[in-house]
Amino acid sequence: MATISEVRDRGVDVRDIVVVARDLDPYEQPLTRAAIQYGVTPVFWTQLRVTRTEPYALIAALCTLFGAGDVAAATLLEPVAQRWAPLTDTASWPLEQSTIQAALEALPPGHRSIAEWAETIQTHTTDERLTTYCDWLLSHAEREPTPETVGTVLGASIDAYRETSVPARKQADSPALMATETAARATVRVTRLVEQVSHKYDEWLADGTVSRSWDAVQELCELLATQRPGRREHSNAWAIDIMEANDVWALSVPFVIAVGATAAEWPAQIDSVVPTELQEAVLAGAGETDIVAPRTAWGNGRDRDHFADAMRAAERGVIVTRYTQTADGGVVYPSPFLASLEMETVSEQARTQLVSTTPQLPEPIAALLSASTDTVPAPTKTPHE
């Protein structure tokens with residue numbers, strides 16, 4: 001991220017840089033923290049885990065509440081804890097967590113129906129917003145929902161989340177706006193999810209597959225939300241793209257920064273009950289092992305292809321980074337794929353200078369940019385996909 005910051009200061013457009021990792025999962029959090037530190041806005045080309053997001057938690061909480069009979073106060077207020085808001089008069093919404101906690105402490109223990117809780121809230125709290133919330137619950141508390149009810153109740157809740165909670169996230173977010181980005185992406189996905197659930201619920205009711213209940217609706221929500229799409233997702237065409245290697249095969253961009261080029265990651269080390277020696281024998285077809293079909297994971301052909309794709313994606317130059325030791329001090333060796341490249345190594349002193357309080361771009365990278373400027377037309381502003 002320090003390299004990206006300095007390269008951008010040299011006039012390289014944000015669309016002309018892509019960061020590539022073999023596997024993004026272990027890199028998303030550290031790269032996010034580094035991006036915030038260096039004032040870079042990243043966008044990760046990963047599939048959003050919808051069930052871990054706040055908008056999904058909101059519709060799940062509503063399904064649980066409407067599907068239950070008598071509930072505890074915590075279940076009653078879980079939707080507002082997940083930032084439920086009305087569609088109108090949203091100036092004072094969503095509720096602060098301190099307000100919700102104070103209400104939970106003021107309300108009596110035990111389980112009650114929604115109607116009983118509505119009366120109890122009026123006698124134990126003075127916050128009119130909780131009354132507004134309970135009135136909305138009473139008007140939508142249908143134990144056997146129709147597909148239209150599902151679309152209206154859950155759809156309106158997500159619409160209100162979009163209008164109130166996403167802007168609230170932005171106001172309290174860090175400069176990189178990562179929480180806002182996730183909330184916005186999740187809102188779009190959950191909006192589509194509600195549409196899919198309403199349609200599928202209608203089909204299943206017609207087929208007699210499910211009973212008319214909020215439990216069935218919640219089961220459908222989870223089923224459809226955990227179906228991972230066959231493509232990667234991104235949402236910000238003007239941020240630094242951070243991608244997995246298997247997504248760059250058709251990409252063409254001036255500069256690629258490849259991270260994690262170690263022997264432990266690229267190629268990946270696959271755990272197997274089959275000893276390494278036997279794996280190698282099977283792969284080579286040695287002796288009687290030629291009758292055994294090898295597992296694809298035993299070879300590094302796929303990782304090699306992905307590495308080659310990442311290198312070919314760069315039109316002007318590649319910057320390859322790797323770590324040299326583990327957290328407990330163990331030595332980490334470079335990826336064997338690096339042996340096929342003609343590289344210039346950046347010195348330790350130059351790397352230290354790059355991440356210091358007076359950053360300076362290492363000379364090999366600065367020279368790479370200068371050579372590109374001399375031979376290639378200025379980059380355009382057109383985003384790639």
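Take the confidence of the model for the chain next. When pLDDT is averaged along the chain, the result is 84; 85% of the residues meet or exceed 70. Model confidence for the chain, summarised as mean pLDDT per element, is weakest for helix α11 (residues 276-284) at 54 and strongest for helix α4 (residues 73-81) at 96. In the predicted structure, residues 376-385 sits below a pLDDT of 50 and forms 17 contacts with residues beyond four places in sequence or in another chain.

A word on the packing of aromatic side chains. For any pair of aromatic rings, the description consists of the separation of the ring centres together with the inter-plane angle of the planes. For the structure shown, the criterion picks out seven aromatic pairs. Look at Phe 66 and Trp 136: their rings are 6.2 Å apart centre to centre, the planes differ by 45 degrees, and that puts the pair in the tilted class. Highlighted residues: Phe 66 in helix α3 (residues 54-67) and Trp 136 in helix α7 (residues 128-140), separated in sequence by 70 residues. Ring centres 5.2 Å apart and planes at 90 degrees place the aromatic pair Trp 266 and Phe 307 in the edge-to-face group. Placement of the pair is Trp 266 in the loop between β4 (253-259) and α11 and Phe 307 in helix α12 (residues 301-312), with a sequence separation of 41 residues. Chaining the aromatic ring pairs together yields one cluster made of Phe 66, Trp 84, Trp 93, Tyr 133, Trp 136 and Trp 214.

Note on placement: Thr 180 falls in helix α9 (residues 178-207). Within the structure, the side chain of Thr 180 is placed 3.4 Å from the backbone nitrogen of Lys 170, a separation counted as a polar contact. Leaving out residues up to four positions away in the same chain, Thr 180 has contacts with Val 166, Arg 169, Lys 170 and Asp 173.

Criteria and thresholds
Residues numbered from 1 in each chain as written. Predicted model: local features only at pLDDT ≥ 70, side-chain atom pairs only at ≥ 80, totals over all residues. Heavy atoms only, no water. pLDDT = per-residue confidence, 0-100. Helix = DSSP H or I, 4+ residues; strand = E, 2+ residues; numbered from the N terminus. Contact = heavy atoms within 4.5 Å. Phe/Tyr/Trp six-rings, centres within 6.5 Å; stacked < 30°, edge-to-face > 60°. Polar contact = N/O pair within 3.5 Å; in protein donor to acceptor, adjacent residues only side chain to side chain.

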